[in-house]
There are 4 protein chains.
Amino acid sequence: MSRDVILVDPLPRTVDLIMDPSVKARLHRLGEVVISEDRPMPAEQVDALLPDAVLIFGQTDMPKERLDRARKLKAIINVESNFLPNIDYQTCVERGIWVITPASAFASPVAEASLAMALDLARGITKADRDFRVGAEQYGLAGNEETFRFAGAPVGIIGFGDLGQQLRELIRPFRNHVRVFDPWLPEEIVQRADCVPSSLDELLSESQVVFVFASVTSENEGFIGAREFSLMRKGAAFLLMSRAAVVDFPAMLEAAGSGHIRVATDVFPEEPVAPDDPVRTTPGLLLSAHRTGGTRDAFYALGSMAVADAELIMRGLPPQLCRRADPATVRRLRSKPVTVS
Amino acid sequence: MSRDVILVDPLPRTVDLIMDPSVKARLHRLGEVVISEDRPMPAEQVDALLPDAVLIFGQTDMPKERLDRARKLKAIINVESNFLPNIDYQTCVERGIWVITPASAFASPVAEASLAMALDLARGITKADRDFRVGAEQYGLAGNEETFRFAGAPVGIIGFGDLGQQLRELIRPFRNHVRVFDPWLPEEIVQRADCVPSSLDELLSESQVVFVFASVTSENEGFIGAREFSLMRKGAAFLLMSRAAVVDFPAMLEAAGSGHIRVATDVFPEEPVAPDDPVRTTPGLLLSAHRTGGTRDAFYALGSMAVADAELIMRGLPPQLCRRADPATVRRLRSKPVTVS
Amino acid sequence: MSRDVILVDPLPRTVDLIMDPSVKARLHRLGEVVISEDRPMPAEQVDALLPDAVLIFGQTDMPKERLDRARKLKAIINVESNFLPNIDYQTCVERGIWVITPASAFASPVAEASLAMALDLARGITKADRDFRVGAEQYGLAGNEETFRFAGAPVGIIGFGDLGQQLRELIRPFRNHVRVFDPWLPEEIVQRADCVPSSLDELLSESQVVFVFASVTSENEGFIGAREFSLMRKGAAFLLMSRAAVVDFPAMLEAAGSGHIRVATDVFPEEPVAPDDPVRTTPGLLLSAHRTGGTRDAFYALGSMAVADAELIMRGLPPQLCRRADPATVRRLRSKPVTVS
Amino acid sequence: MSRDVILVDPLPRTVDLIMDPSVKARLHRLGEVVISEDRPMPAEQVDALLPDAVLIFGQTDMPKERLDRARKLKAIINVESNFLPNIDYQTCVERGIWVITPASAFASPVAEASLAMALDLARGITKADRDFRVGAEQYGLAGNEETFRFAGAPVGIIGFGDLGQQLRELIRPFRNHVRVFDPWLPEEIVQRADCVPSSLDELLSESQVVFVFASVTSENEGFIGAREFSLMRKGAAFLLMSRAAVVDFPAMLEAAGSGHIRVATDVFPEEPVAPDDPVRTTPGLLLSAHRTGGTRDAFYALGSMAVADAELIMRGLPPQLCRRADPATVRRLRSKPVTVS
């Protein structure tokens, strides 16, 4: 007899991490849910379920031979939020199987924290607190000698996907002139958001605050290095919020430590960072342990976006919330699997 | 022969502190400028200038007998930004002498820093940096155990003058439900800003983030005390940005130190704070040394607003940028003169 | 025995016109209400009530001799919305009697209708409907030969009080470059609203849509005439929304009728307009019979703003919603009393 | 020798209609441009070019046999803006050939005109002008007896694609409560735009202004009929801006003519409308001859979006501006080819 199986293989996520009870209930209304979350779903279990599977939530390997046996499969929904090379994307495209991921779930908390950290660097919030605690605080104008107003400061955004666009909306009340560098986008997308398309060099040299939200691709590893940092204005702020590999990390630490710029970073070449890593003692740095995206609400948004699109797909409609795997793009991405939630 | 004298008596400000060269040039175009800024203008000099004075920029004492001799005087422009009881306001009103102050010059930088500090308390920015520096950082969701999203959190604003209203505009993209307590304002002003008029108790008990921007009056000293802090939600954030005297300061420290709420403050009962003041070691506190308003741009805005309104007044038009001294209101204010810029 | 009388003398308004039942109830809570609305309150009744009057709602003549007898009077609240020369303003100022009017009550509906009429001129809404009814409609691009997009068109605003500022907020989503001409305001007010201060000539020659919201003063009657219309771009739109007397009306009709510009007007030199007035047949004109402000909600807003400020005044606080009569300004205004609601 | 041919077969559009000179120059930089715009490109010419074609701009029939011969083809860009059943979409998907259309080029002018027409119905703009021309105008409040304020009125949007979303952004300053009915979208999309997902019946019965932007599908022809109009509030406004076939047109005319609701429509079951069609004389109707989208700027946007995405595709990147043909969705659409530009 015909069953509609929903194969849930979400590690390193778990169902309770990404779905509140109401979303879980909606998942169960879509079919017979089979979950493996203490370990990746064993191959024999996957193989047994494939003929009845209509949806896969997770990062299960799906080469052509498995897809060929999954004749009812409508969608593979990656809930880790990075596409991996363990799926035969071309076969999915040909078969009309959606491969999607609710990647933008993390955009909102990261954009919020990016603004928090930019305001911190601009107005000296963490530094003022640290000074106060050791009796070295300065009052009034004297306490603002190294600060600048975020309002009205020229801003640069490198990478204008969900995250960059959400940050842009958050800062609207501050009325900044915003330059954007994103070679994957047409100028229209940038201009519609009231930003100015810019070259990387112009952005770096003209901005007082630079946000980096770029993904890592095969083409852009380390594209912001010593030369680029030297283009920046003295005292400008640089916020690295996406992937450590897009910058030359030692060059960034040098630019911060020398006092040339101030830097905030949420990401590091190796995580967790070694106990004796020099990053811990570099001055001019604001540190965050890859934690700006991983908020309670973001994980729940991951699950609710996944389920909402699954509902559409089961009705024969296209997904609306998740990002689709464009085969051409997937081949360029260089993400590492996440090992910590 | 007739002279139009502009008496500039700006201490604790100085002309160069509050006017950039272009604004200073505009000031000089309004009349003959006489400045005393190494000391308050001596009485004999004031008295000599009064008959020709058309404008006073500063905090010069202006009792009735002086006003009676200043027959050409059109305006007294306080550039310290707090009205003091050293002017005969009634006589000014009767004579049509404007008494004004560009108080809102500080609203923009304070609102910006208020948001910075609120985001800091919500997302744990300063704390995460401190933890990282001692090797105690937590990654991902574990690093967010004590954080909350500012976006969407219920917000309360106590005091809805220039500062409260500017903060409200800054947080629009975060889509908070915003309650306002301000007994001096009609509900319409609150509602037009898409906020909900609220009682103090409801605001405190329902908000996740509470901003205090209230002025001190003869009626509200210490109106937020132990009872009020106990109404707040556990883990909520309280930001004191206007005057220390509106809260019971020890009760606030107790509420922070006990872990009931998290607190940020820019003001203190005595400034500078004593080296051994317990505030320096209280946990759960984010400290700022009365420095959120005193930015370079704010002092210049003070001067340019003062001069722009002086220009209008010299043309026979009402001022548009400065706050007017309403005699009824002035009597209620309890500001201390500022001693530090 | 002491009574607190509220003298209500609102013609040409009536209480029911301007107050819904809840606002009327609030009015009655402020004191003993005495109303004359079938005729102006007779002099003997006014004189009898003056010693007990705490508030006047209306346009009662209040020369010095009456004010001298009104020892308890705190405020005169004009509910017609134009200050008239029938009050001794100087005595009111000296006595601390507020003279205020809820003039901005009409700003919201007029701004809305101004945008409606501007969009009509730009996109040819009324004209397209007229053409369709006589079988002369044009489809697609052919139907847009004489239209232009309001979005992005350069806009000019003449007069930047409540009305101009509300219109400016309404058109934000259209992303126009907005020039403002208002010689009574400092540049800061214009710039804060993201507009550009401009001379009249530059505004007229560079704008595709010109809104006129200027009041009539002793200095600006007919200040927009044939020379000014000739500065405008061919096909530009001109909207006269405040007072007919600020333009040279025949010159405006000539500019419309000749096809040089398109014009919308809500006001006329004489109202009602004569049956055979040429305005009725001039082409290129969109006509509205002084009706954009007089909406049901606007009249109620008039009353609720008046009562809300009266409540503050009775508590010893300054009014927040109404406009204050600055004696200097009042002398310049040239309003005619309204005869029709 | 290898050529990269760009096959341009744009009828009913022409190249000059949709591309300004700078966009045309960008098109020519992408390859060797071959245009047929006085007639559809003849089959023999198409067949001759196919082996070298990298891009097709237009509505050329592309069955499997043609696709099989177009081995270099990267994209088919429909410039009429409706997908037609003359392409083998499945083969395109399998081959990685993008099939896209810049449909949203028309969203901006239609949204603007939709607001114009809604404001017209609410505030009686066209009607007031018509009355004035025949000497029947009413002044002040009397002239507003049948009007309502658009600001604050409850709004309903049926169909929340590009057009509905752009209209929603345009009306933000009016602070309406906005309900949305769109069964193809998840609630998140609606909520992110600060709207409330709603059933059709609730939307119709609770809204003062209803905008219809829904596409026609095999499932929704005539889904708004007599029953639905009867649910609407007396005096409410109904704006039909997308396709005539989604409503029961005679029922709509009846609802307008009887005075139950007021209606504006830009579309008609047959266009051009017959000279004696009763629509021309029905009262309560605001008429527009399918002209709200066809503005000069919209046609140019069509071309520039098409070329911008073609540029991305030629670089191996996914398109960002055009809508993609999802095979599942294409099968549901019931568009008629446009015959008039």
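Residues numbered from 1 in each chain as written. Chains lettered and ligands numbered in written order. Predicted model: local features only at pLDDT ≥ 70, side-chain atom pairs only at ≥ 80, totals over all residues. Heavy atoms only, no water.

### Observations concerning the pattern of salt bridges
- The full count for this structure, using the stated rule, is 92 salt bridges over all chains.
- In this structure, A:Asp129 and B:Arg130 form a salt bridge, with 3.1 Å as the shortest nitrogen-oxygen distance. Highlighted residues: A:Asp129 in helix α7 (residues 125-133) and B:Arg130 in helix α7 (residues 125-133), drawn from two different chains.
- The salt bridge partner of A:Arg149 is B:Glu112, with a shortest N-O separation of 3.2 Å. Taken together, the positions of A:Arg149 in the loop between α7 and β6 (155-158) and B:Glu112 in helix α6 (residues 107-123) put the pair across two chains.
- A:Arg149 gets classed as buried once you look at its relative accessible area, which sits at 12%.
- Each of the salt bridges in this network shares a partner with another, and the network as a whole consists of A:Glu112, A:Asp297, B:Arg123 and B:Arg149. (Salt bridge = Lys/Arg side-chain N within 4 Å of Asp/Glu carboxyl O. Helix = DSSP H or I, 4+ residues; strand = E, 2+ residues; numbered from the N terminus. Buried < 20%, exposed > 50% of the residue type's maximum accessible area, 1.4 Å probe, protein only.)

### Considerations on the relation of the copies chain A and chain C
- For the match of chain A to chain C, the screw axis carries a shift of 0.0 Å, the RMSD comes to 0.1 Å, and the turn is 180°. The transformation just described matches what one would write down for a two-fold rotation axis. Among all residues of chain A, the minimum C-alpha distance to the rotation axis is found for A:Arg172, at 6.4 Å.
- Counting the interface residues of chain A, we find that 100% of their copies in chain C are interface residues as well, pointing to one common contact surface. (Least-squares fit on C-alpha atoms with pLDDT ≥ 70 in both. Contact = heavy atoms within 4.5 Å.)

### Comments concerning the interface of chain B and chain A
- With 59 residues of chain B at the contact, the number on the chain A side is 59 residues.
- Scanning the region where chain B abuts chain A turns up 10 salt bridges.
- Two residues, A:Arg123 and B:Glu112, come together in a salt bridge whose shortest N-O distance is 3.2 Å.
- Counting every contact that joins chain B to chain A gives 43 residue pairs in polar contact (both at pLDDT 80 or more).
- Classifying every residue of the side of chain B that touches chain A by side-chain character gives 28 nonpolar, 17 polar and 14 charged. (Polar contact = N/O pair within 3.5 Å; in protein donor to acceptor, adjacent residues only side chain to side chain. Nonpolar A, V, L, I, M, F, W, Y, C, P; charged D, E, K, R; others polar.)

### Examining the nonpolar core
- Within the largest apolar cluster, 272 residues are counted, with the highest numbers of intra-cluster contacts made by A:Phe57, B:Phe57, C:Phe57 and D:Phe57.
- When sequence neighbours within four positions are dropped, the list of residues in contact with C:Phe57 reads C:Ile6, C:Leu7, C:Val8, C:Asp9, C:Pro10, C:Met19, C:Leu27, C:Ile77, C:Val79, C:Ala306, C:Val307 and C:Ala310. (Core = buried A, V, L, I, M, F, W, Y, C linked by side-chain atoms within 4.5 Å.)

### Quick look at the interface of chain A and chain C
- If you look at the interface, chain A gives 5 residues, while chain C gives 5 residues.
- For the pair chain A and chain C, the two sides together bury roughly 270 Å², of which 14% comes from carbon and sulfur.
- On inspection of chain A and its partner chain C, the count reaches 2 salt bridges.
- Here A:Asp194 and C:Arg175 are joined by a salt bridge, their closest N and O atoms 3.2 Å apart.
- If you look at where chain A meets chain C, you find 4 residue pairs in polar contact (both at pLDDT 80 or more).
- Residue classes in the side of chain A that touches chain C are distributed as no nonpolar, 1 polar and 4 charged. (Buried area = accessible area lost by both parts, 1.4 Å probe.)

### Points about the packing of helix α2 (residues 21-29) of chain D against helix α13 (residues 296-314) of chain D
Residue and element names in this part refer to chain D.
- With their axes 10 Å apart at the nearest point, α2 and α13 run at an angle of 25° to one another. For the element pair α2 / α13, the angle class is roughly parallel. Here α2 and α13 pass one another in a crossing that is left-handed. Judged by residue contacts, Val23, Arg26 and Leu27 of α2 engage Gly303, Ser304, Val307, Ala308 and Glu311 from α13.
- Counted by class, the contact of α2 with α13 contains 4 nonpolar, 2 polar and 2 charged residues. (Axes fitted to C-alpha atoms, helices over the stretch in contact; angles between N-to-C directions. Parallel < 35°, antiparallel > 145°, perpendicular 65-115°, else oblique. Left-handed = near helix turned anticlockwise from the far one by under 90°.)

### Some details on the confidence of the model for chain A
- Taken over all residues, the pLDDT of chain A has a mean of 95, while the share at 70 or more is 96%.
- When the criterion is pLDDT under 50, residues 337-341 of chain A qualifies, and its contacts beyond four places in sequence or with other chains add up to 14 contacts. (pLDDT = per-residue confidence, 0-100.)

### Regarding the side chain of D:Arg179
Residue and element names in this part refer to chain D.
- The topology assignment puts Arg179 in strand β7 (residues 178-181).
- Exposure remark for Arg179: the relative accessible area of 12% places this residue in the buried category.
- Excluding residues within four positions of it along the chain, Arg179 makes contact with Pro154, Val155, Gly156, Ile157, Val196, Ser198, Glu202, Leu203 and Glu206.

### Structural notes on the environment of C:Ser215
- Here C:Ser215 lies in the loop between β9 (209-212) and α11 (226-231).
- It is 10.0 Å that separates the C-alpha atoms of C:Ser215 and C:Met241, two residues lying 26 residues apart in sequence.

### Details of the domain arrangement of chain A
Residues and elements named next belong to chain A.
- Each domain of chain A was delimited in the assignment, giving domain 1 (5-102 + 297-330) and domain 2 (106-287).
- Once you take the C-alpha centre of each, domain 1 and domain 2 turn out to be 35 Å apart.
- Taken together, the contacts link 8 residues of domain 1 with 5 residues of domain 2.
- Remark: the boundary between domain 1 and domain 2 carries 2 residue pairs in polar contact (both at pLDDT 80 or more).
- With 3 residues, helix α13 (residues 296-314) is the largest single contributor of residues to the side of domain 1 that touches domain 2.
- Along the lines of polarity and charge, the residues of the side of domain 1 that touches domain 2 split into 3 nonpolar, 3 polar and 2 charged. (Domains from an automatic or database assignment.)

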